[in-house]
Amino acid sequence: MSTLIKSGRIVTAEQDYTADIYIEREKITTIGADLSVAADAVFDAGGKYVIPGGIDVHTHMDMPLGGTTSSDDFETGTRAAAFGGTTCIIDFATQAKGQKMREALDVWWKKGEKSTVDYGLHMIITDLPDAHLEDMNDMVREGLTSFKLFMAYPGVLMVDDATIFRAMRQTGSNGALVCMHAENGGVIDLLVRKALAEGKTAPIYHALTRPATAEGEAVNRAIALAQMAGAPVYIVHVSSADALERVSEARDRGIPVFAETCPQYLLLSIEELERPDFEGAKFVFTPPLREKWHQERLWKGLKNNTLQVVSTDHCPFCFKEQKELGRGSFAKIPNGGPGVENRLQLLFHHGVNLKRISLNRWVELVSTAPAKMFGLYPRKGTIAVGSDADLVIWDPEAEHTISARTHHMRVDYSMFEGFRVKGNAERVFSRGALIVDGSTWLGKPGRGAFIRRGTYAGAWG
Ligand code: URP
Ligand code: ZN
Ligand code: ZN
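Residues numbered from 1 in each chain as written. Chains lettered and ligands numbered in written order. Predicted model: local features only at pLDDT ≥ 70, side-chain atom pairs only at ≥ 80, totals over all residues. Heavy atoms only, no water.

1. Quick look at the sheet that holds strand β11 (residues 146-150)
Here is the rule: Strands were regarded as paired on the criterion that DSSP finds at least two bridges between them. The numbering of helices and of strands both runs from the N terminus, where a helix is a DSSP run of H or I of at least 4 residues and a strand a run of E of at least 2. Contacts are assigned to residue pairs with any non-hydrogen atoms lying within 4.5 Å of each other. To define axes, lines are fitted to C-alpha atoms, for helices over the stretch in contact only, and angles between the resulting N-to-C directions are given on a 0 to 180 degree scale.
On the basis of which strands lie adjacent, the open sheet formed by eight strands has the order β6-β9-β10-β11-β12-β13-β14-β15 and parallel pairing. Looking at the sheet topology across the chains shown, the edges are occupied by β6 (54-59) and β15 (309-310). One ladder, built from four bridges, connects β6 with strand β9 (residues 86-94); its direction is parallel. Bridging from a neighbouring strand, T59 pairs with D91 of β9. Seen against the sheet, helix α4 (residues 161-174) touches β11, β12 (177-181) and β13 (233-235) and runs at an angle of roughly 155 degrees to β12. Against the sheet, helix α11 (residues 343-353) engages β6, β9 and β15, with an angle of about 115 degrees to β6.

2. Thoughts on the coordination of the zinc ion (ligand 3)
What counts, and what does not: The donor set comprises N, O and S atoms within 2.8 Å of the metal, extended to 3.2 Å for Na, K and Ca; water molecules are omitted, so apparent gaps in a site may simply reflect that omission. When four donors show all angles between 85 and 135 degrees the site is tetrahedral, when four or six donors have opposite pairs over 155 degrees and all other angles between 65 and 115 it is square planar or octahedral respectively, and in every other case it is irregular. Between buried and exposed lies partly exposed: a residue is buried under 20% and exposed over 50% of the maximum accessible area for its type, with that area taken using a 1.4 Å probe on protein chains only.
With distances of 1.9 to 2.1 Å, the protein atoms coordinating the zinc ion (ligand 3) are H58 (NE2), H60 (NE2) and D313 (OD). Its four donor atoms give the zinc ion (ligand 3) angles of 87 to 131 degrees at the centre, a pattern that matches the tetrahedral case. Counting residues between consecutive donors of the zinc ion (ligand 3) along the chain gives the motif H-x1-H-x252-D. Taken as a pair, the zinc ion (ligand 3) and the zinc ion (ligand 2) show a spacing of 3.8 Å. Of this pair, H58 sits in strand β6 while D313 sits in the loop between β15 and α11, placing them 255 residues apart in sequence. Residue class for H58 comes out buried when judged on its relative accessible area of 0%. Residue D313 is classed as buried on the basis of its relative accessible area of 9%.

3. Structural notes on the packing of helix α3 (residues 133-141) against α4
Using the following cut-off: Comment on the angle field: the value is read as roughly parallel under 35 degrees, roughly antiparallel over 145, roughly perpendicular from 65 to 115, and oblique elsewhere. Each helix crossing is assigned a hand: it is left-handed if the near helix lies turned anticlockwise from the far helix by less than a right angle, otherwise right-handed if that turn is clockwise. Each residue gets one of three labels, nonpolar for Ala, Val, Leu, Ile, Met, Phe, Trp, Tyr, Cys and Pro, charged for Asp, Glu, Lys and Arg, and polar for the others, Gly among them.
The contact between α3 and α4 brings their axes to 10 Å, and the two run at 40 degrees. With respect to their mutual orientation, α3 and α4 come out oblique. Where α3 crosses over α4, the handedness of that crossing is right-handed. For the pair formed by α3 and α4, the contact residues are L133, M136, N137 and V140 on the first element and R166, A167, Q170, T171 and N174 on the second. Counted by class, the contact of α3 with α4 contains four nonpolar, four polar and one charged residues.

4. So, the side chain of H349
What counts is decided by this rule: Under this definition, polar contacts are N or O atom pairs within 3.5 Å; protein pairs additionally need one hydrogen-donor-capable and one acceptor-capable atom, and for neighbouring residues in sequence, both atoms have to be side-chain atoms.
Relative to the assigned elements, H349 resides in helix α11. Owing to a relative accessible area of 16%, H349 belongs among the buried residues under this scheme. Within polar-contact distance, the side chain of H349 engages the backbone nitrogen of K422 at 3.0 Å. Those residues within four positions of H349 in sequence are excluded, and the remaining contacts are L354, R420, V421 and K422.

5. Section: the pattern of salt bridges
Working definition: two side chains of opposite charge can pair if their charged atoms are close together. Rules: The salt bridge criterion pairs a side-chain nitrogen of Lys or Arg with a carboxyl oxygen of Asp or Glu, the two atoms within 4 Å.
Throughout the structure, instances matching the rule amount to 40 salt bridges. A salt bridge links E198 to K194, with the nearest nitrogen and oxygen atoms 3.0 Å apart. Accessibility expressed as a relative area gives 43% for E198, which makes it partly exposed. Each member of the salt-bridge network shares a partner with another, and the members are E26, K27, D118, R379, K380, D388, D390, R431 and R447.

6. Quick word on helix α12 (residues 359-373)
In plain terms, the rule: Multiplying 1.5 Å by the residue count of a helix minus one yields the expected span of that helix. Bend, in this description, refers to the angle at a residue between axes fitted to the seven residues ending there and the seven starting there.
Over its 15 residues, α12 runs 20 Å from end to end, which matches the ideal 21 Å to within 8%, given 1.5 Å per residue. At L365, α12 shows its maximal kink, close to 50 degrees. Within α12, the full set of buried residues consists of L359, R361, W362, V363, L365, V366, S367, T368, A369, P370, A371 and M373. Backbone geometry just downstream of α12 places G375 in the positive-phi region, at approximately 70 degrees.

7. Concerning the environment of A404
Here A404 is to be found in the loop between β16 (391-401) and β17 (420-430). As a C-alpha pair, A404 and M415 span eleven residues in sequence and 8.8 Å in three-dimensional space. Contacts of A404, omitting those with residues within four sequence positions, involve D412, Y413, S414 and E417.

Here it is, written out as structure tokens:
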């Protein structure tokens, strides 16, 4: 099967030019002006951008959390991702306490069999006795080259500093990357107990018991631990200026610290949790939404490269019957929100259209930098001969209003309901196969492959 995409404006992290792209056997084989080649399928991209498919390195499909399970599985979640121009995700396999990482990996491989686009996995470590340290090397050999550790959620996912330090020493030697959920879980736990004892049960107290200082402190500690261990660290879902400043200071000192933020922290603020009729629960995720002034600081961080990646932390729970589990106590609201479908649209509209970031930087943030950071580059994350033909024909003029009534995520609300955005994926190709054609779904569960990723050290030397 061969495909020719004609006359598109090809936009990568570094380039912007008009050419044709020829695809054979899932790969890009030729790029050039006015190619005269025979193709089984020809698509006209005149007047449109052609970009490398989006890579969302932070999703939680089919994830058990808070007494329930996230409402998108690998089939529905990756389908929604593709409609929004994302052709690869990195999800999180979770090691239960006492469980071998290998067993957790088998569980997530099974879940991933339904994926419609390519996917990788990080491993969440909840338990790391000496006997399991070698498991981390085993995971790296399997292509899981990043590990997430939690400084929050005591009793569930949180690990102590010694465990973090030991994991980092291991990644310092095996070339993998520790991804850190940085919030001071012990302090937050006390604040939560105090609030509940005072009868403060509404969703807003989720945010009020998780102050930005608790995020800044944990980021600082994570960086210090990484420095002592001689390893890089990647801070996930940065939500506040406090956390951002710690990252910025460390990078200025030449410490290999990297960080991502998510559209919700760039565009939404704490007031959302005060919505009446318990609707604030729709915005309960961790870290929480902050006061509005933090947003411009995060945008600046994206512009000046203190933040390198925009992911979604897609972890959807329906309002009905899932978020509602916490009607009597904010601490019982399952933590997480939906977003995998809207990342490129929101960042394009609020970033590129509103002139906060350039077109090239947009591609870098949603595709190229995630690919480089997590060992997928140059197979993915760029448009080059030899790369996978994960491509998006992007219509910069297409306008639509984001709504749960029309989105493809399996969740009964949108965090961005009513947001009007200009710019959307028109056609999406996964390794050369057309999987989204306007509003038509052509993809299939099981077509997405598990990708064995290279190491952070391999990507950054
Ligand atoms: O609230 C969130 N973010 N849920 C997903 C788990 C995590 O902390 O990333
Ligand atoms: Zn997290
Ligand atoms: Zn997450």
